[in-house]
Amino acid sequence: MIQSRGRCFRSTAALAFWLLASSGVHAQTTKDVSAERSFQNGFDADTLSALPLGENVYALLETTQSEMISDRFSSGGLNLGQGARIGGFLGSWSQTRFRIGDIDVTDPTGSGASLLFPELMFWQRVTIGSGMFSGDTIAPGLAVDLEPRRPAAKWTSTLSGSGSGGSLASQTPAGLIPPIMRLGSWGHGAAMVSGPLSPRVGLSAGGTWSRSSAFAREVAQTTPSSVASGVANLVYSASANTEARVFGWFQRASAPLDYRRILPAAAPTRDRSTHLQATWQNRRDSGLSWRVATGYTERARTNDLGTTSVTFERLIDGPVPALVAASADDTTRRWTLAARITPAPATTSRHTLDYGFDADRAGTQTTAPFSGVVGETVDGLAARAWRFVDPRLESKRHRVTVAAFANDRIAISPTLTLDASLRLESVTGSAAGAANGVRWLSVLPRAAFRWKVTDLAQLSLVAGYRRSANQLNLDLLSFGDPAASTGTVSRWTGAPLTAAPAPGDPVIDRIGPGTGGDPAFSRIDANLKRPYTDEFVVGVESHRDGWLKWGLMGIGRHETNIIGLTDVGVPLSAYTAGTQFDPGQVLDLAFDDQQLPVYNRLPSTFGNNRYLLTNPVGHTARSFALKLTAQATGQRFYSLWVGTTYLAQGSAGNRGFGPLENDQDAVGERFTNPNAAGFARGRLFADRAFTIKWTTAYKLPGDLDLGVIARYQDGQPMSRLVIASGLTQGPEALLAYPNASHRYTFTGTLDLRVRKGIAVGTRHADLVLDAYNLVTRSNEVEEYAVTGPDFRASTAIEPTPAVHLGLRLSF
């Protein structure tokens, strides 16, 4: 019987976490009980400072939110300066949104990250949402709102520092299986001042510096990462109701090339980033309230792979074309204008209205993508040589989004309310010189009912519907871009890689996404449709004013119009169909033997490629989930307990199991290679079936605090692979069944923070100890997936433990 490894631990893990959480659970909340709040958790600055998060917002998302799954470990100083790919509840990681106030700072290219690496110290509050957003938020999945620290009523200053290395960072493990990553060293320093400059003007300003190094799979030490940031938030109170705010954030960051594996030859990625925004606000309890904000964000990034010839193992390193996008230099900019209006409430009206307007222009200029040759192996077999050509032109792509929305909360009766919203959005985008671009006009409705069943425990039933839409990521506009990369793919027998194919190794494919001077070679469908997600929720909640709040919510999502790349020049008729024998998982028995379809390319069709970015028929995805949340506060504790079970099913963009492959919105080989279509539809990367995450902090006597974050999540979905050799196009991997017929072993982590306060004259000092990955076992986070005696052998395990020691001085 095929079953997921680690399932037998579920009941035990769930019981253990529930017993731990029963002492009290917390997340900061407000008394707003709209349907949007049903899928939100907020953390204020005091809560964040009490938790072991390695000063990293991505660690907060990864370790505390049950429905959110990351492609990497971000806590404890790992992956400093790199934006994680985080998705969940069917929301693709490429659609994650980050905002500072009303200003969107998401990378518009589609990386799923913020344009600046978000450290924790600068924020008064971090709010994380995953569904039923009101009209001012368009995210189909995850949205993160960052609120800058406000000036204090009197001057305060904070200095802090922490570090790790040597015996505090784990040494080389004794086992044969390497950790996916382990910490080498860590250093962090920060300073923050806050207070009034005058009776009407206040300032909160600070800076941080962090540096870390790590070992990836024990193969190589990564390029050291560093982040240096400075922020300032200036607040001017013109009157009791009116204020102006100006916020600036400046950052320099250096990190390894953000690809699937660490490339030792690669020079570090270097970012120089600037964000400026201003807000003018008038807030009245009985009159018209309004807010206007504008912002500008810029990131200049340089990359250098450090070589023009590299060998990739396709089963480990992922899809080769993604290397080109990861290695290019780019300058990305966003200009945003936002307005919000709340009319004065009428005393006899049952309606609570607010309106908004957003205008955003995002653009990127890209130069110097990888130019050279990549030798692709498949399970060690030499397969293909990919030769990329830099057109030596500057690629310019832009997107303009204009939207207007209205929200209305209608009190139908004292116990029944309706939250309704409507968003009208226009999106246009193109690449300079491209034959055509994209133009979308969308109407996005939302409605949610809340029925208060009883005043006892404030028990309510919630049901709702929302339609959301994908943002137009600028990477999609590279198709048909005359300044984007092109290349060729030829057979490779393992001989030394050369700039041109060896005699007897003909060019099999011409590749884009650029046009290479021929607009018909690579283009965007003139009728390309926008991907939509329809979301349905139903649940029960208790929002009483006491110490405990809880909710049980069900959510279903269906994504349609998903975008894919087709090869209209090489249809299915360009292949001959055959079969590949699969001996099954049990090699010496015949009960699981099968014949898999395999497609062999006709040499007469070599080089006939013509690519069209379109909406392939039937390309949809769906998910069903159930989320249990318990929140509580007490005089000496606060905590959050969340558990989720869900199924997210769709067609993977590429063969494989990582986020660059097993994601429904990844534009890959699914519709360009019939060997990638077999069993392509399965459970998606962020599907972990069952997850439990617990976050708690205790204030103990003697000025002693304890913060704990624990998580259990089922393993990553995977499939068994069969290697088909002897094909004219070279060896290829075939899926033997859909992803999630097997899973990796579950992930279980425990992170701890202990803070001891000490009075030093008029000042206050805190000694801080952070311990990460305390319960690390030899659970794999990667496995060998090819049919044979080594199938399911571990190839990488969880990170090993690490300890940080820190000191914080307040005065």
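All of these numbers come straight from a predicted model, not from anything done at the bench.

Q: Whenever I open this one, the overall build of the chain confuses me. Can you help?
A: Per the secondary structure count, the chain includes 5 helices and 47 strands. Taken against the 2.2 N^0.38 rule, which gives 28 Å for 811 residues, the C-alpha radius of gyration of the chain at 27 Å falls within 12% of a compact globule. With respect to the three principal axes, the spread of C-alpha positions in the chain is 80 × 55 × 50 Å. Scored against the burial criterion, the 811 residues of the chain give a buried share of 57%. Entry remark: accessible area of the chain is about 30900 Å², with carbon and sulfur atoms responsible for 60%. Across the chain, the centroid of the 78 positively charged side chains sits 4 Å from that of the 70 negatively charged ones.

Q: Help me understand unusual backbone geometry in this model?
A: Phi is mostly negative for residues that are not glycine, and the peptide bonds are mostly trans. Cis geometry marks the peptide bond from glycine 512 to proline 513, where omega comes out at 20 degrees. If you trace the backbone, proline 513 turns up in the loop between β26 (507–511) and β27 (522–524). Notably, arginine 392 is not glycine yet its phi reads approximately 55 degrees, a positive angle. One non-glycine residue, alanine 740, lies in the positive phi region at around 95 degrees. For alanine 740, the location among the structural elements is in the loop between β41 (732–735) and β42 (742–743). On the basis of relative accessibility, which here comes to 15%, the residue alanine 740 falls in the buried class.

Q: How do you make sense of the sheet that holds β27 when you look at a structure like this?
A: Each strand in a sheet pairs with another by means of backbone hydrogen bonds, the pair being arranged parallel or else antiparallel. Strand order in the open sheet formed by 3 strands is β27-β33-β30, with mixed pairing between adjacent strands. The open sheet has two free edges, formed respectively by β27 and β30 (564–567), since each of these has just one partner strand. Across the sheet, the mean angle from the axis of one strand to that of its neighbour is 25 degrees, orientation sign disregarded.

Q: What's the story with the packing of aromatic side chains in this structure? I'm lost.
A: The description of two aromatic rings rests on the distance between their centres and on the angle between their planes. Evaluation of the coordinates by the stated rule reveals 13 aromatic pairs. Aromatic side chains tyrosine 465 and phenylalanine 536 sit 5.1 Å apart centroid to centroid with 45 degrees between the ring planes, which places their arrangement in the tilted category. With tyrosine 465 in strand β24 (residues 459–469) and phenylalanine 536 in strand β28 (residues 532–542), this pair connects stretches of sequence that are 71 residues apart. Accessibility expressed as a relative area gives 48% for phenylalanine 536, which makes it partly exposed. For the pair phenylalanine 637 and tyrosine 698, a centre-to-centre distance of 6.5 Å together with 40 degrees between the ring planes defines the contact as tilted. Residue phenylalanine 637 is found in strand β35 (residues 637–651), and its partner tyrosine 698 is found in strand β37 (residues 690–700); the two are separated by 61 residues along the sequence. Taking relative accessible area as the criterion, tyrosine 698 reaches 21% and is therefore assigned partly exposed. Above the plane of the ring of phenylalanine 215 lies arginine 182, whose end atom (NZ or CZ) is 4.3 Å from the centre. Lying across the ring of phenylalanine 685, arginine 688 places its NZ or CZ 5.0 Å from the centre.

Q: Explain the pairing of strand β10 (residues 201–216) to me, please; I cannot follow it from the model alone.
A: Successive side chains on a regular strand alternate, one facing one side of the sheet and the next facing the other. By the bridge criterion, 14 bridges tie strand β9 (residues 182–196) to β10 in an arrangement that is antiparallel. The residue bridging serine 194 from the neighbouring strand is serine 204, located in β10. Linkage of β9 to β10, two consecutive antiparallel strands, is achieved through a turn of 4 residues. Alignment of β10 against strand β12 (residues 225–237), held across 12 bridges, turns out to be antiparallel. Within β12, the residue paired with glycine 207 across the bridge is glycine 230.

Q: Would you mind going over the pattern of salt bridges with me for this structure?
A: Pairs can form between side chains of opposite charge once their charged atoms are near each other. Taken as a whole and assessed by the stated rule, the structure comprises 47 salt bridges. Between arginine 150 and glutamate 243 there is a salt bridge whose closest N-O contact spans 3.0 Å. Of the two residues, arginine 150 sits in the loop between β7 (143–148) and β8 (156–165) while glutamate 243 sits in strand β13 (residues 242–255), which places them 93 residues apart along the sequence. With relative accessibility at 11%, the residue glutamate 243 sits in the buried group. As a salt-bridge pair, arginine 743 and aspartate 687 come within 2.7 Å of each other at their nearest N and O atoms. Here arginine 743, found in strand β42, pairs with aspartate 687, found in the loop between β36 (681–683) and β37; they are 56 residues apart in sequence, far enough to count as distant. For arginine 743, a relative accessible area of 1% translates into the label buried. Owing to a relative accessible area of 0%, aspartate 687 belongs among the buried residues under this scheme.

Q: How do you make sense of the sheet that holds strand β20 (residues 381–389) when you look at a structure like this?
A: Read from one edge to the other, the open sheet built from 5 strands follows the order β16-β19-β20-β25-β26, with strand pairing classed as mixed. The strands lining the two open edges of the sheet, one partner per strand, are β16 (309–313) and β26. Between one strand axis and the next, the sheet turns through 20 degrees on average, direction left out of account. The sheet contact formed by strand β25 (residues 486–491) and β26 spans 4 bridges and is antiparallel. Across the sheet, serine 490 pairs through a bridge with valine 507, a residue of β26.

Q: Please explain the side chain of arginine 397 as it appears in this structure.
A: Relative to the helices and strands, arginine 397 is located in strand β21 (residues 395–413). Among the residues examined, arginine 397 registers a relative accessible area of 9% and is labelled buried. Looking at arginine 397, its side chain comes within polar contact range of the side chain of aspartate 481, at 3.4 Å. When sequence neighbours within four positions are dropped, the list of residues in contact with arginine 397 reads Ala362, Gly363, Thr364, Thr366, Ser430, Ala431, Leu474, Asp475, Leu477, Ser478 and Asp481.

Q: Explain the nonpolar core to me, please; I cannot follow it from the model alone.
A: Taken as a class, soluble globular proteins show a tendency for nonpolar side chains to be buried jointly. Ranked by internal contacts, the top residues of the largest apolar core, which has 54 residues, are Leu61 and Trp123. For this core, the element with the most residues is helix α3 (residues 57–64), which contributes 5 residues. For tryptophan 123, the residues in contact, after removing those within four places along its chain, are Ala45, Val57, Ile100, Leu146, Glu147, Pro148, Arg149, Phe247 and Trp249. Core analysis: the next-biggest nonpolar cluster, separate from the first, contains 28 residues, Leu257, Val427, Trp440 and Val489 among them.

Q: Can you help me understand the environment of alanine 733 in this one?
A: With respect to the helices and strands, alanine 733 occurs in strand β41. For the pair alanine 733 and glutamate 669, spaced 64 residues apart in sequence, the C-alpha separation works out to 13 Å.

About the criteria used
Residues numbered from 1 in each chain as written. Predicted model: local features only at pLDDT ≥ 70, side-chain atom pairs only at ≥ 80, totals over all residues. Heavy atoms only, no water. Helix = DSSP H or I, 4+ residues; strand = E, 2+ residues; numbered from the N terminus. Rg over C-alpha atoms; globule rule 2.2 N^0.38 Å. Buried < 20%, exposed > 50% of the residue type's maximum accessible area, 1.4 Å probe, protein only. Areas by Shrake-Rupley, 256 points an atom, 1.4 Å probe, with all protein chains shown as cover. Lys, Arg positive; Asp, Glu negative; His and termini not counted. Charge placed at Lys NZ, Arg CZ, Asp CG, Glu CD. Pairing = 2+ DSSP bridges. Axes fitted to C-alpha atoms, helices over the stretch in contact; angles between N-to-C directions. Phe/Tyr/Trp six-rings, centres within 6.5 Å; stacked < 30°, edge-to-face > 60°. Lys NZ or Arg CZ within 6 Å of the ring centre and 35° of its normal. Salt bridge = Lys/Arg side-chain N within 4 Å of Asp/Glu carboxyl O. Polar contact = N/O pair within 3.5 Å; in protein donor to acceptor, adjacent residues only side chain to side chain. Contact = heavy atoms within 4.5 Å. Core = buried A, V, L, I, M, F, W, Y, C linked by side-chain atoms within 4.5 Å.

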